Amino acid sequence: MRPWRRHPIPPFTADAVADPRRPAEEVARDALRHPAEVLAFAQLAPGDKVADIRPGAGYFTRLFSDVVGPTGRVYAFVPERTMARENAGADALAAAYPNVTRVNGLLDTMTFAEPLDMIFMSQEYHDFHIPGFNTDVARMNAAAFAALKPGGRYILIDHQAAPGTGISAVQTLHRIEGDYLKREVQAAGFVYEGESTAVANPADDHSLNVFDEKIRGRTDQFVLCTSASRADPAQLLRTVIN
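About the thresholds
- Per chain, residue numbering runs from 1 following the sequence as it is written.
- This being a predicted model, a pLDDT of at least 70 is required before a residue's local features are given, and a value of 80 or more before pairs of side-chain atoms are given or counted; all residues contribute to the totals for chains, interfaces and linings.
- Only hydrogens and water are removed before side-chain values are computed, so all heavy atoms of the structure are retained for them.
- Strands here mean DSSP runs of E at least two residues long; helices mean DSSP runs of H or I at least four residues long; both are numbered from the N terminus.
- To estimate the expected span of a helix, subtract one from its residue number and multiply by 1.5 Å.
- Residue contacts follow a heavy-atom distance rule, with two residues in contact if any of their heavy atoms lie within 4.5 Å.
- Residues belong to a common nonpolar core when they are buried Ala, Val, Leu, Ile, Met, Phe, Trp, Tyr or Cys residues joined through side-chain atoms within 4.5 Å.
- A simple rule labels every residue: compare its accessible area, found with a 1.4 Å probe on the protein chains alone, to the largest value its type can have, and call it buried under 20%, exposed over 50%, or partly exposed in between.
- A pair of strands is labelled paired if DSSP reports no fewer than 2 bridges between them.
- Each axis is a line fitted through C-alpha atoms, taken for helices only over the stretch in contact, and angles between the N-to-C directions span 0 to 180 degrees.
- Aromatic rings from Phe, Tyr and Trp, taking only the six-membered ring of Trp, are treated as a pair when their centres fall within 6.5 Å; an angle between ring planes under 30 degrees marks them as stacked, one over 60 as edge-to-face, and anything in between as tilted.

Asks: Whenever I open this one, helix α6 (residues 83-96) confuses me. Can you help?
Replies: An α-helical turn contains 3.6 residues, so a residue and the one three or four places further along point in the same direction. Taking 1.5 Å per residue as the helical rise, α6 with its 14 residues ought to reach 20 Å, and the 19 Å between its terminal C-alpha atoms agrees with that figure. Against the buried residues of α6 lie α5 (59-68), β2 (73-79) and β3 (100-105).

The structure is reproduced here in structure tokens:
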């Protein structure tokens, strides 16, 4: 692992975390999710165009909206498979934050209205390996690459699995081995930039389902940053599809 150099927390990030519009139940989770450190690691800045993949209740979407501001844009991407139950939440976020736009589509062919500075997934990537999601993860990563500006960032947070287990625990424990994930995204052309330990927990032995009350909310998690190289992303996408 190459640790990311520690970034100071910019005032606009601190202001976003302190926004009084944030729901109290989300603020209560900050001590475990360390949003200021995660956003500083992701180098999110005013004016950025970002996609939040499966935003859920909007914990990070709200923060992104505040940071990128009126000249930025947050695309709340809801996969077609889950849009019947998740569109309403994304629409509520868009109604409350004018720079948030809900987008639907297939994960492995995701596209956006403009090139992006960042694509973000928190505790979601492992799910897309579960057969029920019917997602070709290699194609998904290639589509993410194609959606980013040259040098754009692919930020992935997920529950760590035991070393050497790869994707074998994605359905049973909802965990994925960080090194395996890193190899997958590198295969799509991404350049590994580093990892943050902001949400790591060395006391987690990686044996429990993440929803087990003994560990829920306190799992060992990795935060991975990769960037889109200057290779032709359209060609990479064609290569994976073909």
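Asks: Sorry, what's going on with the nonpolar core here?
Replies: In terms of nonpolar packing, the biggest core is built from 34 residues, with I53, M110, F112, I119, Y125 and Y154 touching the most fellow members. At the level of secondary structure, the elements contributing two or more residues to this core comprise β1 (49-53), β2, β4 (116-122), α7 (137-147), β5 (148-159), α8 (178-187), β6 (190-196) and β7 (221-228). Here the element with the most residues in this core is α7; it accounts for six residues. Aside from chain neighbours lying at most four places away, what touches M110 is I53, F77, I119, M121, M140, A143 and A144. In this structure, V17, V38, F64 and A76 belong to the second largest nonpolar core, which totals 30 residues.

Asks: Quick question: what am I supposed to make of the sheet that holds β6 here?
Replies: As a general point, the strands of a sheet are linked pairwise by backbone hydrogen bonds and lie either parallel or antiparallel. Here we have seven strands laid out as an open sheet, ordered β3-β2-β1-β4-β5-β7-β6, and mixed in their pairing. The sheet is open, and its two edges are formed by β3 and β6, each paired on a single side. The average undirected angle you get between the axes of adjacent strands in this sheet is 20 degrees. In this sheet, β5 lies alongside β4 in parallel orientation, the contact comprising six bridges. When the sheet's bridge partners are listed, F120 is paired in β5 with I155.

Asks: Is there a simple way to explain the packing of aromatic side chains in this structure?
Replies: When we look at a pair of aromatic rings, we describe it by the centre distance and by the angle of the planes. Overall, the coordinates contain nine aromatic pairs when judged by the stated rule. Judged by centre distance (4.9 Å) and plane angle (85 degrees), the rings of F64 and F120 are edge-to-face. Note that F64 is positioned in helix α5 and F120 in strand β4, a separation of 56 residues in sequence. Each member of the pair F64 and F120 is classed as buried.

Asks: Where do I start with the environment of A90 in this structure?
Replies: By secondary structure assignment, the location of A90 is in helix α6. Taking the relative accessible area as the measure of exposure, A90 reaches 0% and is therefore buried. The spatial distance from the C-alpha of A90 to the C-alpha of T61 is 9.3 Å, given a sequence separation of 29 residues. Excluding its chain neighbours within four sequence positions, the residues that come into contact with A90 are A76, V78 and R102.

Asks: Sorry, what's going on with unusual backbone geometry here?
Replies: Note: most peptide bonds trans; most residues except glycine with negative phi. Phi is positive for Q43, close to 60 degrees, though the residue is something other than glycine. Along the chain, Q43 turns up in the loop between α4 (35-42) and β1. Classification of Q43 by relative accessible area gives partly exposed; the value is 32%.

Asks: What is the right way to read the environment of G132 from this model?
Replies: Relative to the elements of secondary structure, G132 occurs in the loop between β4 and α7. Taking the C-alpha atoms as reference points, G132 and Q171, separated by 39 residues in sequence, lie 9.9 Å from one another.

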